[in-house]
Amino acid sequence: MNYIFGVIGGQSAGPQPTGAETVQKLCDRVASSTLLEDRRDAVRALKSLSKKYRLEVGTKAMDHLLHILRTDSSDTEILGYALDTLYNIVCNDEEEEPVEPSADESERWRIKNDLYSLSEENHQKQEDDMGIQFTDKFIQEPDNVTLLLTLLEEFDFHVRWPGVKLLTALLKNQCAQAQGIILVSPMGVSRLMDLLADSREVIRNDGLLLLQQLTKGNAAIQKIVAFENAFERLLDIITEEGSSDGGIVVEDCLLLLLNLLKNNSSNQNFFKEGSYIQRMKPWFEVGDDNSGWSAQKVTNLHLMLQLVRVMVSPVNSPGGTSSCQKAMFQCGLLQQLCTILMATGVPADILTETINTVSEVIRGSDVNQDYFASVNAPSNPPRPAIVVLLMSMVNERQPFVLRCAVLYCFQCFLYKNHKGQGEIVATLLPSTIDANSISAGQLLCGGLFSADSLSNWCAAVALAHALQDNLTQKEQLLRVQLATSLGKPPVSLLQQCTNILSQGDKLNRRGSRVQTKVGLLMLLCTWICNCPIAVMHFLHNQDNVPFLTGQISENLGEDERLVQGLCALLLGICIYYNDNSLENYTKEKLKQLIEKRIGKENFVEKLGFVTKHELYSRAAQKPQPAFSTPEHMLFDHEFTKLVKELEGVITKAVLKSSEEEKKEEEVKKTLEQHDSIVTQYKELIREQDSQLKELKEQMASLTSQNEKLQNTTTQQLSQIQQHKDQYNILKLKLGKDNQQTGSQADGAHVNGLQLEELSQLREQLEDLHRQNQSLQTQLTEKDNVISSLQMGVPSAEGSTSENTEILREVEKLKAQLQSQTAEITQLQTERQELLGRCETRATVPVTGEDSGYTEKIAELESRLSTQNTETQKLKEEVKALLESKESTEKELASATSTVAILQAEKSKLQKEVQDSKKEQDELLMLLADQDQKILSLKQKLEDLGETIEDEDDLDTKDQFDDDDDDDEEEEEDDDDE
């Protein structure tokens, strides 16, 4: 123990051991000590030596320290010492405390300085390599990282803080390997996210640094961190720390947000849908006094602008970018950025980044582009923001990066914005030029013809973007006329561009002449591309084609090769988009000219200079013009797309002979005809398909209706059969009752007739009642009319003519009333007579048997009338179904015939009923005779002393006999059917 304290306290007793020996003894003490205090002291001593003897402690003590972390996890103090020691071993940041070296240490430092005297860079590289080697040894066993994640759950400050620093150092040295272990560790990322909720700012801030390293280049971990509510926590921290006025913590939060959102469409979508874009607006609220910004505020605001750009970057998916642009406009973020853009006193780098941010927020968004066009600068008089920005772009005194940013903003404003392109070109047309104000077109023309090559290039590229993919504006720009000097006629803008291009070597310019030529050639190529009228105007000048052929055929230096390639491209466009309207410069003649003066192979070789240029590939990578120096500003991103599209077709057009072209034209015409025929057939097939589909649908609907009608017909047939069966049953019952009735046939017949007459009288009586009610109603209405007329009669002082007409109408109404009253009286007397007749008929005496028979007859008649009405209803329904659907007439014909047959049978049955009534009368007479005979026979048998059976038994036997007879009759009826 004294030895350990001697090492820590610097005591010298006898010969001092070397650093390696001391470390080895401490490691032995850690491994062999049974007391926790001894191990703790030994680990504390190793911690104090770990910076001076990093290599020795790392090679000898790492395994012992890891063993301490596993076995002594209950003692937070020894855990803190062990984690600090491991951090000192792994970390590459030198934070050594100034200590006076001893003699042995001086010798060690002398040797170390001799070894690393090559350079400070070599020394740092070796230190880094040492940290990486120890990191590899640590993470070689994934359980070590899992153990470290478990220790981070310990709330004790002396354990959690060094653990966070150690894991951060591991991620710095071996990011991918450590990320893989943490990703597969259960709840690994969630444990680290808990660090942001720690109330101790030191741990929270170091947790931010840890998460920055953890989320670098790993989309899976970025998604997990985002879905662990990282956006909400980070934005809360930024707000708590003062937003853009905050300190380094705000910067760390913004860097972590950039890691989570950059090139991660899933997190960007989550950020947008979580309404976090709206929370970014307060960051950009600046006051009127913008002087004296601190360096930290500039850094914070710069990162905030980068965060906005990440959400609307052109490399993102178009759908995600457009939705974010829409959200930024709706929440007022774009308006806030435009306020910073037009504010005074804003630092130059912030202004530049704001311009770039606004550029990408409006790029390709119609709503945002329209809003930006309406923004005015706070000047007197107010000027559009576009004009103010273009003034900065063509001003050679402005910083280069600011001019590039303004050009990018102008390009984004015109990107897919035909309306904006038309507005810019309109400022150049004679009818819209205002001499009292500066317009965008005037600034572009001024920059195009200024003595500054960079202004020439920027103005040419900006004007080319006003013509991009817009044939109308290309033709409109041909109308622009420029006054070059007094006394000379004006020249077109197209001609002036070619004049400057041909006289470029003679003019004095500041900057690169090649830059001016490249800018003008890019403008001309964009202008005449896909515009035969512009090609004709260009070829109409007799000097243009000789200038281009001369430039291409010359053997110029390395710098001029790019100009040669662009001249070849321009001449190739004149061939490819030539409509042969000029006799001297048809396609064939231009190709012959190339073959004679240049050579086709040489022409194609010169054309290839453009795409082989180093700066061409750089410009093709992204839309934003990012150049290190003005001399590198040669290519525009959209122009590289045009070159890529045209190079192949121009090469083919130049190399092809006239015969091949004719054949190709013929083949093209044939293909066009074939395509037109195919298109016609396709349209015909589509129409037939649609018609077939409609017919199938109609067929399906008719089939379903047919099935319904068939079901209905089947149901009706079954109902008819049921009614028929019921009718047969009633017929049989009627015959049975006729057989059971004996005497009083005449009286019954009379009663039946009386009942029929009574029913007719009742119907007549009901009709009379209805007529009486209707007449009473009419009478009431007439009385009301008369009363209203009487109330409306004017006084004697009124007009006599009007009174006379009213009186006539009253007299007519009274006559009608009297006639109607007479009719009512007559109807009432008829009604009384009918009622009297009914009462006299009803007073005829009827016997008991007659009354029962009468009730049965009435019941049968009611059933027959019900059956008749139902049969009539069925007939009407069948007729309606037949009329509604002609397609089912054949199927319903059988049902109609069936109904006709039933009607015939019904009439037949009615006749049979009448015959049966006649037969019934005859049977009644016979029954009366039989009754007399039976009575006489009974009397004789009683006189002879024979027993006579009871009448009930005889009735029962007769009943059974009647049932048998009924069954036989039913069988006969079935056979007849």
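Preceding block: the structure.
Basis of the calculations
- Residues numbered from 1 in each chain as written.
- Predicted model: local features only at pLDDT ≥ 70, side-chain atom pairs only at ≥ 80, totals over all residues.
- Heavy atoms only, no water.
- Helix = DSSP H or I, 4+ residues; strand = E, 2+ residues; numbered from the N terminus.
- Buried < 20%, exposed > 50% of the residue type's maximum accessible area, 1.4 Å probe, protein only.
- Contact = heavy atoms within 4.5 Å.
- Areas by Shrake-Rupley, 256 points an atom, 1.4 Å probe, with all protein chains shown as cover.
- Core = buried A, V, L, I, M, F, W, Y, C linked by side-chain atoms within 4.5 Å.
- Phe/Tyr/Trp six-rings, centres within 6.5 Å; stacked < 30°, edge-to-face > 60°.
- Lys NZ or Arg CZ within 6 Å of the ring centre and 35° of its normal.
- Polar contact = N/O pair within 3.5 Å; in protein donor to acceptor, adjacent residues only side chain to side chain.
- Disulfide = S-S within 2.5 Å.
- Salt bridge = Lys/Arg side-chain N within 4 Å of Asp/Glu carboxyl O.
- Patch = residues over 30% accessible without salt bridge, like charges linked within 9 Å, V, L, I, M, F, W, Y side chains within 5 Å.

Engineer: Please provide a residue-by-residue account of the overall build of the protein chain, values included.
Structural biologist: Helices and strands together make up the secondary structure of the protein chain, namely 43 helices and 4 strands. Classification of the 977 residues of the protein chain by burial places 41% in the buried group. Taking the contacts inside the protein chain whose residues are at least 6 apart along the sequence as the reference set, 73% of them involve residues at least 24 apart. Here the protein chain displays about 53300 Å² of accessible surface, and carbon together with sulfur accounts for 51% of that area.

Engineer: Describe the nonpolar core, with residues and values.
Structural biologist: A general tendency of soluble globular proteins is for nonpolar side chains to be buried together. In terms of nonpolar packing, the biggest core is built from 212 residues, with Leu167, Leu192, Phe284, Phe372 and Leu569 touching the most fellow members. The element that contributes the greatest number of residues to this core is helix α23 (residues 400-414), accounting for 12 residues. Once you skip the residues sitting within four places of it in the chain, Leu192 turns out to touch Leu149, Leu152, Leu167, Ile182, Leu210, Leu211 and Leu214.

Engineer: Go over the packing of aromatic side chains with me, naming the residues and quoting the values.
Structural biologist: As enumerated under the stated definition, the model contains 12 aromatic pairs in all. Ring centres 6.2 Å apart and planes at 85° place the aromatic pair Trp457 and Phe627 in the edge-to-face group. Of the two residues, Trp457 is situated in helix α26 (residues 453-467) and Phe627 in the loop between α36 (614-619) and α37 (637-655); the sequence distance between them amounts to 170 residues. Both residues of the pair, Trp457 and Phe627, belong to the buried class. Taken together, the aromatic side chains of Phe227, Phe231, Phe270, Phe271 and Tyr276 make up a single cluster linked through ring pairs. The ring of Trp161 carries the charged tip of Lys165 above its face, separated from the ring centre by 3.9 Å.

Engineer: Quick rundown of unusual backbone geometry? Include the residues and the values.
Structural biologist: In this structure, Asn263 takes a positive phi of about 60° despite not being glycine. With a phi close to 55°, Lys416 is a non-glycine residue in the positive phi region. Mapped onto the elements of the fold, Lys416 is located in the loop between α23 and α24 (418-426).

Engineer: Go over the side chain of Ser50, please, and point to the residues and values.
Structural biologist: Mapped onto the secondary structure, Ser50 falls in the loop between α3 (36-49) and α4 (54-71). There is a polar contact of 2.7 Å between the side chain of Ser50 and the backbone oxygen of Lys47. With sequence-adjacent residues up to four places away left out, Ser50 is seen in contact with Val57, Thr85 and Asn88.

Engineer: Which residues make up the state of the cysteines, and what values do they have?
Structural biologist: Scanning all chains against the criterion turns up 0 disulfides. Of all cysteine sulfurs, the one in Cys458 lies closest to Cys404, which takes part in no disulfide; the gap is 6.3 Å.

Engineer: Got a sec to walk through the pattern of salt bridges? Specific residues and values, please.
Structural biologist: Applying the stated criterion across every chain, the model contains 18 salt bridges. Measuring nitrogen to oxygen at the nearest pair gives 3.6 Å for the salt bridge that ties Arg40 to Glu77. Here the residue Arg40 occupies a position in helix α3, and Glu77 occupies one in helix α5 (residues 76-90), the gap between them amounting to 37 residues. Overall, the relative accessible area of 15% leaves Arg40 in the buried class. A salt bridge links Glu360 to Arg309, with the shortest nitrogen-to-oxygen separation between them at 3.0 Å. Here Glu360, found in helix α20 (residues 348-362), pairs with Arg309, found in helix α17 (residues 295-311); they are 51 residues apart in sequence, far enough to count as distant. When its relative accessible area of 4% is taken as the criterion, Glu360 is described as buried. The network of salt bridges with shared partners includes Arg40, Asp75 and Glu77.

Engineer: Help me get a handle on a nonpolar patch on the surface, residues and values and all.
Structural biologist: A cluster of nonpolar side chains, contributed by Ile677, Tyr681, Leu684 and Ile685, occupies part of the molecular surface with about 390 Å² of accessible area. Residue position: Ile685 is located in helix α38 (residues 658-740).

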